[in-house]
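Survey of secondary and tertiary structure
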Amino acid sequence: MKVYVALDIGCIECLEDSAILGVFESDDNANSIVERMAEKQEVNWRGQHEFTVKTVETNVEYTPEYS
């Protein structure tokens, strides 16, 4: 099953936390919360954040490769 993970990636230089904003079956719902939280963060700006949606499959192990 494919799901959409809404993410707030905080600023490593500013020590701003990252957060999972939600996991959704619909990309529209995931993008909606990303847009809302980006607007909210812009009003209360405390460091750089990146808001994004990633698509993942459930019951799959993801192993990053570090070089």
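Everything here concerns the structure above.
Residues numbered from 1 in each chain as written. Predicted model: local features only at pLDDT ≥ 70, side-chain atom pairs only at ≥ 80, totals over all residues. Heavy atoms only, no water.

**Let's talk about the nonpolar core**
Where a protein is soluble and globular, its nonpolar side chains tend to be buried together. Ranked by size, the top nonpolar core spans six residues in total: Y4, A6, A30, I33, V34 and F51. Of all the secondary structure elements, the ones that give two or more residues to this core are β1 (2-9) and α1 (27-43). Looking at which element gives the most residues to this core, the answer is α1, with three residues. Non-local contacts of F51, meaning those with residues more than four positions away in its chain, are made with L7, D8, L21, V34, M37, A38 and Q41. (Core = buried A, V, L, I, M, F, W, Y, C linked by side-chain atoms within 4.5 Å. Buried < 20%, exposed > 50% of the residue type's maximum accessible area, 1.4 Å probe, protein only. Helix = DSSP H or I, 4+ residues; strand = E, 2+ residues; numbered from the N terminus. Contact = heavy atoms within 4.5 Å.)

**Description of unusual backbone geometry**
Unlike most non-glycine residues, L15 shows phi in positive territory, near 60°. Checked against the element boundaries, L15 lands in the loop between β1 and β2 (19-24). Residues other than glycine seldom take positive phi values, yet N59 does so here, at roughly 60°. Take N59: it is sitting in the segment after β3 (50-57).

**Details of the sheet that holds β3**
The strand order across the open sheet built from three strands is β2-β1-β3, with neighbouring strands paired in antiparallel fashion. With partners counted over all chains shown, the strands left at the sheet margins are β2 and β3, one partner each. The average undirected angle you get between the axes of adjacent strands in this sheet is 20°. Summarising the sheet, β1 and β3 pair through eight bridges and their orientation is antiparallel. Counterpart to V5 in the pairing with β3 is K54. The strands that α1 touches are β1, β2 and β3; relative to β3, the one it contacts most, it runs at about 160°. (Pairing = 2+ DSSP bridges. Axes fitted to C-alpha atoms, helices over the stretch in contact; angles between N-to-C directions.)

**Observations concerning the pairing of β1**
With six of eight residues buried, β1 is to be regarded as a mostly interior element. In this structure, β1 lies alongside β2, joined through five bridges in antiparallel fashion. Each residue of the ladder has a partner; that of L7, found in β2, is I20.

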